[in-house]
Protein chains: 2
Amino acid sequence: MSRRRESAVPEAATNRLSLILRALRVLEGEGVVTVSSGQLAERFSFHSAQVRKDLAQLGEFGVRGLGYRVSDLAENLQRRMGLAGVHPVVIAGAGHLGQALADATGFNSNGFRVVALFDDDRRKIGGKTRSGVPILDAARIEELLPALGADIGVVAVPGAQAGSAATALVRGGLKGLLNFAPTTVGPFPGVLVKNADLTLFLEGLAFQLHGTGAGS
Amino acid sequence: MSRRRESAVPEAATNRLSLILRALRVLEGEGVVTVSSGQLAERFSFHSAQVRKDLAQLGEFGVRGLGYRVSDLAENLQRRMGLAGVHPVVIAGAGHLGQALADATGFNSNGFRVVALFDDDRRKIGGKTRSGVPILDAARIEELLPALGADIGVVAVPGAQAGSAATALVRGGLKGLLNFAPTTVGPFPGVLVKNADLTLFLEGLAFQLHGTGAGS
DNA sequence: TACTGTGAAGTGATTCACAGCG
DNA sequence: CGCTGTGAATCACTTCACAGTA
């Protein structure tokens, strides 16, 4: 997708590591002390060697003959994945999608916190989402962003406005963009853009359903 | 992710084909008659050979020395991708996410149409989304689904309820599930499940930002 | 012993390069 | 000539298999 010098971690591994970290937090809560690559792999039905490779990539955390110490590994993974502190997140667009994300658990825990939404609808500006995130004036994105300290921005506006919303966020100094609009935004120098076009999921599903008899 | 006899089209190609089809519709609207693999590739910055391979997989639609005839190709792609007719879609969960999807253009055009949402909130049941999609009683999913004729269901409920929502949808006879909850659902025999955990996107972004200095 | 970490083999997807055709 | 379709080469990811160690 984008030519970068060293791809560090091969994209697909990212998702596995996120899943593993999530599982570790559950295990930790259950008081489990150690876990093996096989046990972790089983949960998500991928191979144990894969789990070991993924984990080894970030350092040597395992204990031979035993497995991994759950809290050690969780803490290390968290740090290595950039989830050690809290990332303030801002969302452009306070429509249904924006509000869904603003109140979503995954966007307000384990390293993330939605600090503001931006919208250009007068009736929404000044209000708050159900969980209390303020909705600010989209015209002031660039001006207000620095004070919010966010490093990640989410584009949750209709496709036609995605470009300008993204530009405003980038001008405000964000380093990462998660784009839900079905439009390609950027590239912007020095900014990482990740596209999450929800329609593609639906189309992919239809395609697979059509092609095969939807096997097990 | 799921063991199937023949994987038909390699998952990643699916997304490219969706994108290409979308571009073709735009070109068609602009009255463009033919387009080459190179021109299509340029738009999304992938390689022209990749585009040709992807398209060739579905049949020989190109004209040597000329390119592809836009409307021909669009129609063929549409059919081969299972987007020829209209897929009725139902959504479990009429929260912000469910309503966002119900009113999203991509879920109500080019082969899809959201025909109903299901929720267990009394205040929502009997109502409609902004664009007029009815919200029905979640307790009656199994009973009402057959009449709706939907073949694709979307799980847009909180993680804790994802399993039961998915089960109800499958019992109602759906063949494809798009799951937005951060919980693995299924597997169900004969049903295709696609997971779209939005938190993974955010975590992936944080990971990449952390690892690299967010190169161009 | 039971498990990790990892080189080597295997598999799959991407890119190259060109023959073949309108 | 320009562009498609595609075998061959390359590159990337996954799985295997095992040496090494608590």
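Higher on the page you've got the structure.
It should be emphasised that the depicted structure is a prediction, and the values quoted were computed from it without experimental measurement.

A.B. asks: Just checking my understanding: could you explain the overall build of chain A for this structure?
C.D. replies: Each helix and strand counted, chain A has eight helices and nine strands in total. Principal-axis analysis of the C-alpha atoms gives chain A an extent of 60 × 45 × 40 Å. Expressed as a percentage of its 216 residues, the buried residues of chain A come to 49%. Of all intrachain contacts in chain A linking residues separated by at least 6 positions in sequence, the fraction that spans at least 24 positions is 53%. For chain A, the accessible area works out to roughly 10,400 Å², and carbon and sulfur atoms hold 50% of it. Of the charged side chains in chain A, 23 are positive and 19 negative; the average position of the first set lies 3 Å away from that of the second.

A.B. asks: Looking at this structure, how should I read the interface of chain A and chain B?
C.D. replies: Accessible area lost upon the coming together of the parts serves often as the stated size of an interface. Each partner contributes residues to the interface: chain A has 57 residues there, and chain B has 58 residues. Counting the surface lost from both chain A and chain B, the interface buries some 5,600 Å², and carbon and sulfur atoms represent 69% of this. On the chain A side of the interface with chain B, the three residues burying the most area are A:H96, A:L202 and A:F207, jointly 14% of the side's total. If you look at where chain A meets chain B, you find four salt bridges. Counting only elements with at least two residues in the side of chain A that touches chain B, the list comes to α1 (12–29), α4 (70–80), α5 (96–103), β8 (176–179), β9 (192–195) and α8 (198–211) of chain A. Tallying contributions element by element places α8(A) first for the side of chain A that touches chain B, with 13 residues.

A.B. asks: Teacher, can you tell me more about helix α3 (residues 48–56) of chain B here?
C.D. replies: Each full turn of the α-helix corresponds to 3.6 residues, which orients residues three or four apart in the same direction. Residues and elements named next belong to chain B. Restricting attention to buried positions, one finds in α3 the residues V51, D54 and L55. Buried residues of α3 fall within an arc of 95° about the axis and therefore sit on the same side. Lining the buried residues of α3 we find α1 (12–29), α2 (37–44), β3 (67–69) and α4 (70–80).

A.B. asks: I tried to follow the relation of the copies chain A and chain B on my own but got confused; where do I start?
C.D. replies: The operation linking the two copies of the chain is a rotation about an axis combined with a translation along the axis. The two copies are related by a screw operation: chain A maps onto chain B through 180° of rotation and 0.0 Å of translation along the axis, at an RMSD of 0.0 Å. Such a turn and shift between the copies fits a two-fold axis. Residue A:H96, judged by its C-alpha, is the member of chain A lying nearest the rotation axis, at 2.4 Å.

A.B. asks: What is the right way to look at the pattern of salt bridges in this model?
C.D. replies: Any two side chains of opposite charge can pair, on the condition that their charged atoms come close. In total, this model carries 16 salt bridges over all chains according to the counting rule given. Among the ionic pairs, B:R123 bridges to B:D121, the shortest N-O distance being 3.2 Å. Judged by its relative accessible area of 74%, B:R123 is exposed. It is possible to trace a salt-bridge network through shared partners that takes in A:R22, B:D197 and B:E203.

A.B. asks: Help me understand the side chain of B:D119, please; the structure alone is not making it clear to me.
C.D. replies: Residues and elements named next belong to chain B. With respect to the helices and strands, the residue D119 is situated in strand β5 (residues 112–119). Summary of buried charges: D119 has no salt-bridge partner, and the nearest side chain of opposite charge, K124, is 4.1 Å away. Those residues in contact with D119, other than ones at most four positions away along the chain, are G93, A94, G95, K124, I125, I135, L136, D137 and A138.

A.B. asks: Which parts of the structure should I look at to understand the protein's contact with DNA strand C?
C.D. replies: Around DNA strand C there are 22 residues in total, and A:S37, A:R52, A:G65, A:Y68 and B:K53 lie nearest to it. The sugar and phosphate moieties of DNA strand C supply 59% of its atoms located within 4 Å of the protein. Contact distances for DNA strand C include 2.6 Å between a phosphate oxygen and a backbone N or O atom of A:S37. B:R16 places a polar side-chain atom, nitrogen or oxygen, 3.1 Å from a phosphate oxygen of DNA strand C. Residue contributions to the surface near DNA strand C peak at four residues, all from α3(B). Its residues assigned to classes, the surface near DNA strand C comprises seven nonpolar, seven polar and eight charged.

A.B. asks: Is there a simple way to explain the protein's contact with DNA strand D in this structure?
C.D. replies: Around DNA strand D sit 22 residues in total, of which A:K53, B:S37, B:R52, B:G62 and B:Y68 are the nearest. Among atoms of DNA strand D positioned within 4 Å of the protein, sugar and phosphate together represent 59%. Here a phosphate oxygen of DNA strand D sits 3.0 Å away from a polar atom, N or O, in the side chain of A:R16. B:G65 has a polar backbone atom sitting 3.2 Å from a base oxygen of DNA strand D.

A.B. asks: I'm lost on unusual backbone geometry in this one. Help?
C.D. replies: A negative phi holds for most residues other than glycine; trans holds for most peptide bonds. Phi is positive for A:N110, close to 50°, though the residue is something other than glycine. Along the chain, A:N110 falls in the loop between α5 and β5 (112–119).

A.B. asks: Looking at this structure, I do not really get the environment of B:V51. What am I missing?
C.D. replies: All names here are of chain B. The residue V51 is located in helix α3 in this model. Overall, the relative accessible area of 0% leaves V51 in the buried class. Residues V51 and Q39 lie 12 residues apart in sequence; the distance between their C-alpha atoms is 9.9 Å.

A.B. asks: Any chance you could explain the sheet that holds strand β6 (residues 135–137) of chain B here in plain terms?
C.D. replies: Note: strands within a sheet are paired through backbone hydrogen bonds, in either parallel or antiparallel orientation. Residues and elements named next belong to chain B. Strand order in this open sheet of six strands is β6-β5-β4-β7-β8-β9, and the pairing throughout is parallel. A single partner strand is all that each edge strand has here, and the edge strands are β6 and β9 (192–195). If you compare each strand with its neighbour and ignore which way they point, the axes differ by 25° on average. Relative to β5, strand β4 (residues 87–92) runs parallel, the two being bridged by six bridges.

A.B. asks: Is there a simple way to think about the sheet that holds strand β2 (residues 62–63) of chain B in this case?
C.D. replies: Residues and elements named next belong to chain B. Strands sit in the order β1-β3-β2 across an open sheet of three strands; the sheet is antiparallel. Whereas interior strands pair on both sides, the edge strands pair on one side only; in this sheet they are β1 (34–35) and β2. Strand direction decides the pairing type here: β2 and β3, joined by two bridges, are antiparallel. Directly across from G62, in β3, lies its bridge partner Y68.

A.B. asks: So what exactly am I meant to see when it comes to the packing of α1(A) against helix α3 (residues 48–57) of chain A here?
C.D. replies: Each pair of packed helices gets described by two things: the angle between the helix axes and the distance between those axes. All names here are of chain A. Running from N to C, α1 and α3 point in directions that differ by 95°, and their axes come no closer than 10 Å. Between α1 and α3, the angle falls in the class roughly perpendicular. Each of A13, R16, L17 and I20 in α1 lies in contact with α3, whose residues at this interface are Q50, V51, D54 and L55. Tallied by class, the residues present in the contact of α1 with α3 amount to five nonpolar, one polar and two charged.

Criteria and thresholds
Residues numbered from 1 in each chain as written. Chains lettered and ligands numbered in written order. Predicted model: local features only at pLDDT ≥ 70, side-chain atom pairs only at ≥ 80, totals over all residues. Heavy atoms only, no water. Helix = DSSP H or I, 4+ residues; strand = E, 2+ residues; numbered from the N terminus. Buried < 20%, exposed > 50% of the residue type's maximum accessible area, 1.4 Å probe, protein only. Contact = heavy atoms within 4.5 Å. Areas by Shrake-Rupley, 256 points an atom, 1.4 Å probe, with all protein chains shown as cover. Lys, Arg positive; Asp, Glu negative; His and termini not counted. Charge placed at Lys NZ, Arg CZ, Asp CG, Glu CD. Buried area = accessible area lost by both parts, 1.4 Å probe. Salt bridge = Lys/Arg side-chain N within 4 Å of Asp/Glu carboxyl O. Arc of directions from axis to C-beta. Least-squares fit on C-alpha atoms with pLDDT ≥ 70 in both. Near = heavy atom within 4 Å. Polar contact = N/O pair within 3.5 Å; in protein donor to acceptor, adjacent residues only side chain to side chain. Nonpolar A, V, L, I, M, F, W, Y, C, P; charged D, E, K, R; others polar. Pairing = 2+ DSSP bridges. Axes fitted to C-alpha atoms, helices over the stretch in contact; angles between N-to-C directions. Parallel < 35°, antiparallel > 145°, perpendicular 65-115°, else oblique.

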